Amino acid sequence: AQSVTQLDSHVSVSEGTPVLLRCNYSSSYSPSLFWYVQHPNKGLQLLLKYTSAATLVKGINGFEAEFKKSETSFHLTKPSAHMSDAAEYFCVVSYNYGQNFVFGPGTRLSVLP
Amino acid sequence: GAVVSQHPSWVICKSGTSVKIECRSLDFQATTMFWYRQFPKQSLMLMATSNEGSKATYEQGVEKDKFLINHASLTLSTLTVTSAHPEDSSFYICSARVGGSAYNEQFFGPGTRLTVL
């Protein structure tokens, strides 16, 4: 069975410091992996996706993630946090050509001034 | 490209009434559409999967007679919450998928906030 673990339910960083949001997955297939961001009372916005091309994926707003098969991880990073990054972040594993999307429980990112 | 819309974006209704939410793929044909539900401070939970022209497949624990799904065309799916009660208040999000092996993602709508009084 496919599953996604987001190790931290809440991460708090100071503005201007690096962000690390962790994601580990379990998949019997070669997965596609996604990170989405959700601001309060808003829908999902795609940050980036891994679909078996380059293992280091660059996304929008300065975010990037590295696919590490040996560690079954797809951690999300950003060098310098902005106040506007405060939101909920979801890691997703996709299989069966997008027919099945498995969401992680989410990590809430707080950015302190 | 790959834009999905939902209407309405929010709705308030009285207990016992029915509410219909529309999900449209604006610039592509969606072979499959999905309906998710999200409670406050929780992740998305898949409610059902629908393919155009066929009956929806509901996840375990989702009442198919309460949450009616119609996928009448390749660009439109509707979710009707029948006889709504306060516990049905939630954020409902649809997504759409393009068929074929070249695509492996779902495109999400902006969500509909349902409040049942």
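Residues numbered from 1 in each chain as written. Chains lettered and ligands numbered in written order. Predicted model: local features only at pLDDT ≥ 70, side-chain atom pairs only at ≥ 80, totals over all residues. Heavy atoms only, no water.

Novice: Explain the overall build of chain B to me, please; I cannot follow it from the model alone.
Specialist: If you tally the helices and strands in chain B, you get 0 helices and 11 strands. Reading the secondary structure of chain B in the N-to-C direction produces β-β-β-β-β-β-β-β-β-β-β. In terms of principal-axis extent, the alpha carbons of chain B reach across some 45 × 25 × 25 Å. For chain B, with 117 residues in total, the buried portion stands at 49%. The contacts of chain B with a sequence gap of at least 6 include a subset with a gap of at least 24, amounting to 55%. When the accessible surface of chain B is split by element, carbon and sulfur atoms take 53% of a total near 5800 Å². Computed over 10 positive and 9 negative side-chain charges, the inter-centroid distance for chain B is 5 Å. (Helix = DSSP H or I, 4+ residues; strand = E, 2+ residues; numbered from the N terminus. Buried < 20%, exposed > 50% of the residue type's maximum accessible area, 1.4 Å probe, protein only. Contact = heavy atoms within 4.5 Å. Areas by Shrake-Rupley, 256 points an atom, 1.4 Å probe, with all protein chains shown as cover. Lys, Arg positive; Asp, Glu negative; His and termini not counted. Charge placed at Lys NZ, Arg CZ, Asp CG, Glu CD.)

Novice: What is the right way to look at the overall build of chain A in this model?
Specialist: Scanning chain A from N- to C-terminus turns up 0 helices and 12 strands. Tracing chain A from N to C terminus, the helices and strands come up as β-β-β-β-β-β-β-β-β-β-β-β. Relative to the compact-globule value of 13 Å for 113 residues, chain A shows a C-alpha radius of gyration of 13 Å, a close match. If one aligns the C-alpha atoms of chain A with their principal axes, the spans along those axes are about 40 × 30 × 20 Å. Burial status across chain A gives 46% buried among its 113 residues. Taking all contacts inside chain A whose residues are at least 6 apart in sequence as the whole, residues at least 24 apart take part in 56%. As displayed, chain A has an accessible area near 5500 Å², and 50% of this comes from carbon and sulfur atoms. Counting 8 positive and 7 negative side-chain charges, chain A places the centres of these two groups 5 Å from one another. (Rg over C-alpha atoms; globule rule 2.2 N^0.38 Å.)

Novice: Is there a simple way to think about the interface of chain A and chain B in this case?
Specialist: By convention, interface size is frequently given as the accessible area that disappears when the constituent parts associate. Counting residues at the interface gives 22 residues for chain A, matched by 20 residues for chain B. Across the chain A/chain B interface, buried area totals approximately 1600 Å², and carbon plus sulfur atoms make up 51% of it. When the area that chain A buries against chain B is broken down by residue, the three leading residues are A:Tyr97, A:Gln99 and A:Phe103, summing to 35%. The interface formed by chain A and chain B contains 1 salt bridge. Across the pair B:Glu105 and A:Lys49 runs a salt bridge, and its minimum N-O distance is 2.2 Å. Mapped by element, the contributors of at least two residues to the side of chain A that touches chain B are strand 5 (32-38), strand 6 (44-50), strand 10 (87-95) and strand 11 (100-103) of chain A. Its residues assigned to classes, the side of chain A that touches chain B comprises 9 nonpolar, 11 polar and 2 charged. (Buried area = accessible area lost by both parts, 1.4 Å probe. Salt bridge = Lys/Arg side-chain N within 4 Å of Asp/Glu carboxyl O. Nonpolar A, V, L, I, M, F, W, Y, C, P; charged D, E, K, R; others polar.)

Novice: Is there a simple way to think about the pattern of salt bridges in this case?
Specialist: Any two side chains of opposite charge can pair, so long as their charged atoms come close to each other. Residues and elements named next belong to chain B. Enumeration over the complete set of coordinates arrives at 6 salt bridges over all chains. For Asp 88, the salt bridge identified is with Lys 66, shortest N-O distance 2.9 Å. Here Asp 88, found in the loop between strand 8 (76-81) and strand 9 (90-97), pairs with Lys 66, found in the loop between strand 6 (57-58) and strand 7 (67-73); they are 22 residues apart in sequence, far enough to count as distant. Overall, Lys 66 belongs to the buried group, its relative accessible area being 12%.

Novice: Help me understand the environment of B:Ser25 in this model?
Specialist: All names here are of chain B. Considering the arrangement of structural elements, one finds Ser 25 in strand 3 (residues 19-25). By relative accessible area, Ser 25 is classed as buried at 4%. Sequence spacing of Ser 25 and Gln 6 is 19 residues, and the spatial spacing of their C-alpha atoms is 9.0 Å. When near neighbours in sequence (up to four residues on either side) are disregarded, Ser 25 contacts Val 3, Val 4, Ala 30, Met 33, Leu 74 and Thr 75. Separated by 3.5 Å, the side chain of Ser 25 and the backbone oxygen of Leu 74 make a polar contact. (Polar contact = N/O pair within 3.5 Å; in protein donor to acceptor, adjacent residues only side chain to side chain.)

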